[in-house]
Amino acid sequence: MAHVISIKRKRNSLYPFPYNSNVKFHLEQDDGDIEFDIPTPSEITGKVKTEGTIKDKNLKINLFWNGSNEGQIVIVVGGMNPSNRTPFPLYRIRVKDNGRLTIPKSLMKTFPFNRFKQIMFSFVKQKFVGNPSSSKSIVVAQSIHNIKFDVP
């Protein structure tokens with residue numbers, strides 16, 4: 001079965017998927033076309049602040065982002081693979097979208113700092129069309145902000 005996906009973009013838009021909007025989705029199928037709006041999330045931006053060091057075993061990592069106090073976001077914690085500079089995700093944390101998180105000490109104790117020269121944090125805000133827990137087909141629109149920094 002052939003699928004053709006087309007996005008109807010606004011005339012003067014710099015991005016085909018503008019933040020905090022609805023994007024027209026059109027799917028042409030042999031048994032009939034489907035058209036609906038895909039809601040996109042607002043842009044997420046974040047900051048990482050550290051205190052202490054790994055060497056002194058007192059590393060504290062605080063994450064901040066432009067929270068909306070609506071729903072949840074996902075934080076992905078990982079390292080940057082030193083051989084090919086690709087991210088290697090290790091932990092996924094789902095939290096309230098309140099704009100702040102202190103990474104738990106228990107998670108930091110298990111982080112393999114010896115394998116990575118850089119840590120990476122991904123802040124992910126999502127909107128869904130369909131129900132992820134009960135639907136066969138869902139569409140996910142995401143805003144993602146990545147921050148990487150040298151291991152302190």
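Our subject is the structure that appears above.
Residues numbered from 1 in each chain as written. Predicted model: local features only at pLDDT ≥ 70, side-chain atom pairs only at ≥ 80, totals over all residues. Heavy atoms only, no water.

Asks: Before we go on, may I ask you to explain the pairing of strand E9 (residues 118–129) in this structure?
Replies: Along any regular strand the residues' side chains alternate between the sheet's two faces. Inspection of the sheet shows strand E6 (residues 72–80) paired to E9 by six bridges, in the antiparallel sense. Bridge assignment links Gly-78 to a residue of E9, and that residue is Met-120. (Pairing = 2+ DSSP bridges. Helix = DSSP H or I, 4+ residues; strand = E, 2+ residues; numbered from the N terminus.)

Asks: Is there a simple way to think about unusual backbone geometry in this case?
Replies: The bulk of non-glycine residues show a negative phi, and the bulk of peptide bonds are trans. The phi angle at Asn-20 is positive, at roughly 50 degrees, despite the residue not being glycine. You can see Asn-20 is positioned in the loop between strand E1 (4–8) and strand E2 (22–28). Taking relative accessible area as the criterion, Asn-20 reaches 55% and is therefore assigned exposed. You will see that Lys-57, though not glycine, has its phi angle at about 55 degrees, which is positive. Within the secondary structure, Lys-57 is located in the loop between strand E4 (46–51) and strand E5 (60–65). You can call Lys-57 exposed: its relative accessible area is 78%. (Buried < 20%, exposed > 50% of the residue type's maximum accessible area, 1.4 Å probe, protein only.)

Asks: For this particular structure, what's the right way to read the sheet that holds strand E10 (residues 139–150)?
Replies: Backbone hydrogen bonds hold the strands of a sheet together, and the pairing may be parallel or antiparallel. Taken in spatial order, the four strands of this open sheet run E7-E6-E9-E10, and their pairing is antiparallel. The open sheet is flanked by strand E7 (87–96) and E10, the only strands paired with a single partner. Averaged over all adjacent pairs, the angle separating strand axes in this sheet is 20 degrees, with direction ignored. (Axes fitted to C-alpha atoms, helices over the stretch in contact; angles between N-to-C directions.)

Asks: Please explain the packing of aromatic side chains as it appears in this structure.
Replies: Ring pairs (aromatic) are described by centroid distance and by the angle formed between their planes. Scanning all chains against the criterion turns up seven aromatic pairs. Measuring from centroid to centroid gives 6.4 Å for Tyr-91 and Phe-111, while their planes differ by 40 degrees, and the two rings are tilted. Here Phe-111 lies in the loop between helix H1 (105–110) and E9 and Tyr-91 lies in strand E7, a separation of 20 residues in the sequence. Judged by relative accessible area, which is 4%, Phe-111 ranks as buried. Members of the aromatic cluster, connected to one another through ring pairs, are Phe-88, Tyr-91, Phe-111, Phe-113 and Phe-116. Cation over ring: Lys-49 sits above Phe-64, and NZ or CZ is 5.8 Å from the ring centre. Against the face of Phe-88 rests Arg-115, its NZ or CZ located 5.1 Å from the ring centre. (Phe/Tyr/Trp six-rings, centres within 6.5 Å; stacked < 30°, edge-to-face > 60°. Lys NZ or Arg CZ within 6 Å of the ring centre and 35° of its normal.)

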